[in-house]
Each structure stands twice: as structure tokens, then as C-alpha cells.
Amino acid sequence: MEILRTPDEMRQWRLRQTGTIGFVPTMGALHAGHAELIRRSVADNDNTVLSIFVNATQFNEQKDYESYPRTFETDSAMAKALEVSAIYAPSQESMYPDGFQVAIEPGIASIPMEGSSRPGHFRGVATVVVKLLNAVEPHNAYFGRKDFQQLAVVQEVVRALDMSPAIIGVDTIRDADGLALSSRNARLSLLHRGQADIIWKALQSGRDLFTLGERDSSIIAEAVRTTLSAAPDCTVDYVSVCAADTLISEATITTPSVICVAVWFGDVRLIDNVDLDL
Ligand code: AMP
């Protein structure tokens, strides 16, 4: 397994490959959710590239960026065990040299939810994903459905810029109590970790109402909020019931939709979602 430290090294490695390339972009601190993406890529492609890059431009707060877990040694051991062909872990300077100014302005999928709660976040995501895809030039790139809106933003950008990689969404991997795995879970206090299972319970309460025939978005969102309020330290950022393709919230659900939530436990912000399939 090779470790590539600059876009140039990445490109040189890429030129030597034959066969299909799968790509899994991450910010490291790998867990079983990332492992699932890697497994999918390894199964589907001749070679898999895993990127590990904590991208400063997509963080809204310097403190969140600085405290983001960095565990390169254990990450590379996991990558090797999963038969990753190369890790692309570019240095900050090689990605954003002094004077770097260019950015990709994401499309309509970037406007609601995370877009309004985290100004500039998807601009950072879109820019880094385009840079990574251009350096790796994969046939297939794998993104988690846990970050549902991110997946939609990336799909929209790749389509709009006539880029060739297929963007593939992978289902969310959860802990035994339902909490979606996330590198940020490690920053939850024991007390908050004990309460965080409320997120999946709340999403399920919304989905249960939908399964029973409820189609009023605000009633479903209210049920989710009510369940979340059972956890004393959970602060809701948003609960949104929106169309899966446009991410637009309609009063009445008539197309395949998704419930998306963002909550805070202390200074840790967590997001999750569940599909409402018609
Ligand atoms: P991150 O390192 O958090 O930027 O995530 C890298 C990729 O892993 C993204 O495409 C995420 O959506 C995906 N991912 C993160 N957590 C999970 C999970 N629990 N299940 C599946 N995919 C995930």
C-alpha cells in the first residue's frame, strides 16, 4: 500500500495503474462506517484509493477543526487490512498553497439545512471534492448516505461540471443502539453518549408515523422534535422533512423523502437522516 503526499504524487501513481479505480474520500479517524465504504470500493474495483485529509475550509469553527481526531497510524493499519491500494494524504501546503483563491460554488442542493446552519461549509466540501476527484481520477467514488446532503451536493457538482466519476451512496452504519457512527462521536462525554441514541429513536418515530400513513411534513417533524426533547442535553439545530431529490420541504409528502436532523450535545454537533420511501 503506497502513501501519496501531494497531488503530483497522486497523479504519477494513477498513471501507472491499469483497471478500474475506486475512491473513498475521508477526513480520517476511520471507523466501521468508513470501512463499509472501503469494502464496497474494493469489491467493485481493481484498485482502491483512500484519501485522508482534514479539510480546514469546510469547518465553520477553528476549534472544531483543531480538535478533529487525527489517527493516521491506526487509519493506515485499517486501510492495509482492507486491501486499500494507496492512501492519498496530501499535505495542507500541497492542497492550499499560499495565495490559493479558487472555489467551487455548489448548486441548489447546498442551500437548505447544513447550508444555512453552516455558511460556506459546502463551498469547502465542493472545492476539496473536485480537487480530490481531479487528482485521483477514479471510475467510482463512494460517499456515505449519513451525510445525505453532502452526497446530493457532490452529485450535483459532478453532474454540472461534466465530471466522469460515478458517485455511489452507501448506507449508514450504526452502533448497536442506533447512533450513526461518526468520527465526532469520540468527542461526546459519557453522559451525552448515553443520550445520543435519541437521534435514531426520533428518526424512527417520524418514519413510523409515515409508515402509518401520515403525509403532513410538519406533523412528522413535530413527532421527531418531541422524541428528541426526551434527552435533556440535546439541543435541536433543525429537523427537516424534504424531498430526496430536490431537498425541498413540501407541506405534503408526495415523492420519496427523507427526514434530516442536526442536533448538539454540548459542543458536539451530530447529523443523521432516514428515508421515507413511498
Ligand atoms: P468523514 O471522514 O466524516 O468526512 O466521512 C467520510 C465518508 O464516510 C463520507 O462519505 C461519510 O458520509 C462516510 N461516513 C461517515 N460516517 C458513516 C457511517 N456511519 N456510515 C456510512 N458512511 C459514513
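Everything discussed here concerns the structure shown above.
The present account deals with the structure reproduced in this document. Just so you know, these numbers come straight off a predicted model, no measurement behind them.

Let us look at the overall build of the chain. Counting its secondary structure elements, the chain contains 11 helices and 9 strands. By the compact-globule yardstick of 19 Å for 278 residues, the chain fits well, its C-alpha radius of gyration being 19 Å. Considered along the principal axes of its C-alpha atoms, the chain spans approximately 55 × 40 × 40 Å. Residues counted as buried form 53% of the 278 residues belonging to the chain. Summarising the internal contacts of the chain: among those between residues at least 6 apart in sequence, 72% fall at separations of at least 24. With an accessible surface of roughly 12,700 Å², the chain has 52% of that area assigned to carbon and sulfur atoms. Distance from the positive charge centre (24 side chains) to the negative charge centre (36 side chains) of the chain: 2 Å.

Summarising burial for strand 3 (residues 47-52): 6 of the 6 residues are buried, a large majority. What you see with strand 3 is no split at all: Asn47, Val49 and Ser51 on one side and Thr48, Leu50 and Ile52 on the other are buried throughout. Of the pairings in the sheet, the one linking strand 2 (residues 21-26) to strand 3 comprises 6 bridges and is parallel in character. Bridge pairing in strand 3 links isoleucine 21 to asparagine 47. With respect to chirality, the unit in which strand 2 leads through helix 2 (residues 32-44) into the neighbouring parallel strand 3 is right-handed. Pairing between strand 3 and strand 4 (residues 86-88): 3 bridges, direction parallel. Each residue of the ladder has a partner; that of valine 49, found in strand 4, is alanine 86.

What follows is about the environment of asparagine 185. Relative to the helices and strands, asparagine 185 is located in the loop between strand 6 (166-170) and helix 9 (190-195). On the basis of relative accessibility, which here comes to 11%, the residue asparagine 185 falls in the buried class. Once residues lying within four places of it in the same chain are set aside, the contact partners of asparagine 185 are Leu179, Ala180 and Leu270. For asparagine 185, the side chain forms a polar contact with the main-chain oxygen of alanine 180, separated by 3.0 Å.

In this section: the site of the ligand. Contacts to the ligand come from 17 residues, most closely from Met27, Gly144, Asp147, Ile173 and Leu181. A distance of 2.9 Å separates an oxygen atom of the ligand from a polar atom in the backbone of methionine 27. At a separation of 2.8 Å, an oxygen atom of the ligand approaches a polar backbone atom of glycine 144. When isolated, the ligand has an accessible area of 490 Å², and the protein chains bury 93% of it. Secondary-structure elements contributing two or more residues to the shell around the ligand are strand 2, helix 2 and strand 5 (140-144). Along the lines of polarity and charge, the residues of the shell around the ligand split into 7 nonpolar, 7 polar and 3 charged.

Pairing is antiparallel across the open sheet formed by 3 strands, whose spatial order is 7-8-9. Strand pairing shows two members of the sheet lacking a second neighbour, strand 7 (234-243) and strand 9 (268-276), which therefore form its edges. Across the sheet, the mean angle from the axis of one strand to that of its neighbour is 15°, orientation sign disregarded. Both strand 8 (residues 257-265) and strand 9 contribute to a ladder of 9 bridges, which runs antiparallel. The residue bridging cysteine 260 from the neighbouring strand is asparagine 273, located in strand 9. Its contacts with the sheet put helix 11 (residues 217-228) on strand 7 and strand 8, and the angle it makes with strand 7 is roughly 155°.

Rules used in this analysis
Residues numbered from 1 in each chain as written. Predicted model: local features only at pLDDT ≥ 70, side-chain atom pairs only at ≥ 80, totals over all residues. Heavy atoms only, no water. Helix = DSSP H or I, 4+ residues; strand = E, 2+ residues; numbered from the N terminus. Rg over C-alpha atoms; globule rule 2.2 N^0.38 Å. Buried < 20%, exposed > 50% of the residue type's maximum accessible area, 1.4 Å probe, protein only. Contact = heavy atoms within 4.5 Å. Areas by Shrake-Rupley, 256 points an atom, 1.4 Å probe, with all protein chains shown as cover. Lys, Arg positive; Asp, Glu negative; His and termini not counted. Charge placed at Lys NZ, Arg CZ, Asp CG, Glu CD. Pairing = 2+ DSSP bridges. Right-handed = clockwise from strand over helix to strand, strands pointing away. Polar contact = N/O pair within 3.5 Å; in protein donor to acceptor, adjacent residues only side chain to side chain. Near = heavy atom within 4 Å. Nonpolar A, V, L, I, M, F, W, Y, C, P; charged D, E, K, R; others polar. Axes fitted to C-alpha atoms, helices over the stretch in contact; angles between N-to-C directions.

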